[in-house]
Every structure is written in structure tokens, then in C-alpha cells.
Amino acid sequence: VGVAGGAPMWFDLTSRYGEDFYLPRVKWLPDSTLVIQIQNRGQTEVELVRLFPADGSHKSIMVEKSSPRAWVNLHNMFTPLKKSDQFIWASERTGMQHLYLYNYDGTLERALTEGDWMVEDIKAVDEAAGVVYFVGTKDGWLERHLYAAPLAGGGVRRITR
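Residues numbered from 1 in each chain as written. Predicted model: local features only at pLDDT ≥ 70, side-chain atom pairs only at ≥ 80, totals over all residues. Heavy atoms only, no water.

Draft legend 1. Summary view of the nonpolar core. Counting 15 residues, the largest nonpolar core has I88, L99, L112, V132 and F134 as its most contacted members. If we skip the residues at most four places from it in the chain, L99 touches M77, I88, W89, A90, A111, L112, T113, V119, I122, V132 and F134. Core analysis: the second largest hydrophobic core is formed by 13 residues, V35, M62, W89 and Y104 among them. (Core = buried A, V, L, I, M, F, W, Y, C linked by side-chain atoms within 4.5 Å. Buried < 20%, exposed > 50% of the residue type's maximum accessible area, 1.4 Å probe, protein only. Contact = heavy atoms within 4.5 Å.)

Rendered as C-alpha cells:
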């Protein structure tokens, strides 16, 4: 329903998984479109779909898949960038959860973090400085620290002591 009122806009989300799916996350973007996460019943796939309420269309951005014996862990780290047509996405595709920079057409620009450790949460993105701040376990599994990674790629630096 638009700000001025009117009829609701309905979207058919059944094309990939039929009628048996989860809709675990919804995020409004600055341009008044939405990105939703649709997870299959077996929890082995998550599809990112962009919805365009102005005309009722939608477009699949990407599908994250796990191995048949595992599931895709849901997270809240889908982070749209305001000054570009890109977003940050977290994935466990390497066995460890790391951050990746994507374009909305689904192409991967680059990995922002990598290694034998986990990113646990995105805390902020400073687009002017080109940096994402996150909590992770880079310096040991028993420690959680705040780190910064450049959006243009490069080394991760620890912020907290």
C-alpha cells in the first residue's frame, strides 16, 4: 500500500520453491524497493529477491546454497549501500562466515574478508571512507573484536584491544 493509500501490491513468490517456503527477512531500500530472503523448506537454499512495488515486478538477485547435509544459516547482515547499486552479504560458503560485496544483478565484486575465522555481525558502514565495521573472531575463537575492512578490498584491521 502506498503512502497515499490504495490497494495492496501482491507478489507471487512461489516460482522457485512452490507454496512451502519461509520468508525470514525483508529489507526496504532507499529507492522504495525491497529485498527479501526466501528460504526453502529444507533450509538448504536462500534466494535474495528484489521487489519493485511501483510496477509489481520482481527479480531474483542470487541464490545461496549449502551442501545437501547442511543448511543455510540465516543472518541479519544483508547491508545495502546507499551511494552505489551494491550490497554486503555474509556467507558461509567457505566453511567460515565472511563478508562479500555484490552488485544487485547478482555478480560478486569481491570478498571483503577471508580466512579461518568468522564474521559475527556488521556494526556500521562508512561509505564516505569506504569501510565496513564488523565484529569477528580473527584473533582467536575466544575473543570478539571490532574490525574494519575496506570496501575496495584489502587487509582487515583490528579496532579494539
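Draft legend 2. Geometry of the packing of aromatic side chains. Per the counting criterion, the structure on display carries six aromatic pairs. Ring plane angle 35° and centroid distance 6.2 Å describe the contact between W117 and Y147, whose orientation is recorded as tilted. Taken as a pair, W117 in the loop between β8 (108-111) and β9 (119-126) and Y147 in strand β11 (residues 145-150) lie far apart in primary sequence, 30 residues in all. When sorted by exposure, W117 lands in the same class as Y147, which is buried. One aromatic cluster is present, formed by F78, F87, Y102 and Y104 through successive ring pairs. If you follow R50 out to its NZ or CZ, it ends over the ring of Y104, 4.4 Å from the centre. Sitting over the ring of Y100, R93 keeps its end group 4.2 Å from the ring centre. (Phe/Tyr/Trp six-rings, centres within 6.5 Å; stacked < 30°, edge-to-face > 60°. Helix = DSSP H or I, 4+ residues; strand = E, 2+ residues; numbered from the N terminus. Lys NZ or Arg CZ within 6 Å of the ring centre and 35° of its normal.)

Draft legend 3. Spotlight on the side chain of T113. Residue placement: T113 occurs in the loop between β8 and β9. Within the structure, T113 has its side chain in polar contact with the side chain of H98 (distance 2.8 Å). Within the structure, the side chain of T113 is placed 2.9 Å from the backbone nitrogen of L99, a separation counted as a polar contact. Beyond its immediate chain neighbours, meaning those up to four positions away, T113 contacts H98, L99, V119, F134, A149 and V156. (Polar contact = N/O pair within 3.5 Å; in protein donor to acceptor, adjacent residues only side chain to side chain.)

Shape descriptors only; they carry no functional weight alone.
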